[in-house]
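Spelled out from the first residue to the last, the chains are:
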Amino acid sequence: MPGRDLQRCALDPSPEERAALAQWCDRAERLPPVERAALRLHLEGYSIDEIARRLETSRATAWKRLHAGQERLKRTEGRHATAMGGQRRDGRA
């Protein structure tokens, strides 16, 4: 979603956008705590170095946790869409 659309969505979400955000947040809450923390800090605008400091870990470990959380969310998004009878983002059923 382009930045301008994301900003509009954040300020005035449609019912569909609210539902999608609620589903995303629900999936994010199911992440392992270290991945969820890294993702939350990233979404708050922290750099990877700041995330590492806040999580008291190395830069490489912080990046690994962030990437793992992002990948896990992508996988659950595909399973969720398929379970709901829709298509995955990659176009497969």
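Structure: see above.
> How would you explain the overall build of the chain if you had to name every residue and give the values?
Helix and strand content of the chain: 5 helices and 0 strands. Across the 93 residues of the chain, 22% fall into the buried class. In the chain, the proportion of contacts linking residues at least 24 apart, taken out of those at least 6 apart, comes to 41%. In the form shown here, the chain has an accessible surface area of approximately 7,000 Å², with 52% of it arising from carbon and sulfur atoms.

> For the side chain of Thr76, give the residues involved together with the corresponding values.
On the secondary structure map, Thr76 appears in helix α5 (residues 59-83). Overall, the relative accessible area of 19% leaves Thr76 in the buried class.

> Run through the pattern of salt bridges, naming residues and quoting values.
Summed over the entire model, instances satisfying the criterion amount to 5 salt bridges. Between Asp26 and Arg30 there is a salt bridge, and its shortest N-O distance comes to 2.7 Å. Residue Asp26 is classed as partly exposed on the basis of its relative accessible area of 37%. Arg30 sits in the exposed class, given a relative accessible area of 63%.

> Tell me about the nonpolar core, residues and numbers included.
In this structure, Ala28, Leu31, Ala38, Leu39, Leu41, Ile48, Ile51, Ala52, Ala62, Leu66 and Leu73 together form the largest nonpolar core, which totals 11 residues. Those elements that provide at least two residues to this core are α3 (33-43), α4 (48-54) and α5. The contact partners of Ile48, leaving out residues within four places of it in the chain, are Arg59, Ala62, Trp63 and Leu66.

> Mind laying out helix α2 (residues 15-29), listing which residues take part and the relevant values?
A rise of 1.5 Å per residue sets the reference length of α2, with its 15 residues, at 21 Å; its end C-alpha atoms lie 21 Å apart and thus fit the reference within 8%. Among the residues of α2, Glu17, Arg27 and Ala28 are the ones counted as buried. All buried residues of α2 fall inside an arc of 100° around its axis, so they share one side. Turned more than 90 degrees away from the buried face of α2 sit Pro15, Arg18 and Glu29, all of them exposed.

> Any chance you could break down the environment of Ile51 for me, citing the residues and the numbers?
Relative to the helices and strands, Ile51 resides in helix α4. Distance in space between the C-alpha atoms of Ile51 and Ala38 is 6.4 Å, their sequence separation being 13 residues. Other than its neighbours up to four places away in sequence, Ile51 contacts Ala38, Leu41, His42, Tyr46 and Ala62.

> So what about unusual backbone geometry? Which residues, and what values?
Positioned with a positive phi, Glu56 is a non-glycine residue whose angle comes to about 55°. Mapped onto the secondary structure, Glu56 falls in the loop between α4 and α5. The class of Glu56 is exposed, set by a relative accessible area of 74%.

Rules of the game
Residues numbered from 1 in each chain as written. Predicted model: local features only at pLDDT ≥ 70, side-chain atom pairs only at ≥ 80, totals over all residues. Heavy atoms only, no water. Helix = DSSP H or I, 4+ residues; strand = E, 2+ residues; numbered from the N terminus. Buried < 20%, exposed > 50% of the residue type's maximum accessible area, 1.4 Å probe, protein only. Contact = heavy atoms within 4.5 Å. Areas by Shrake-Rupley, 256 points an atom, 1.4 Å probe, with all protein chains shown as cover. Salt bridge = Lys/Arg side-chain N within 4 Å of Asp/Glu carboxyl O. Core = buried A, V, L, I, M, F, W, Y, C linked by side-chain atoms within 4.5 Å. Expected span 1.5 Å × (residues − 1). Arc of directions from axis to C-beta.

Everything listed is a geometric property; what it means functionally is a separate question.
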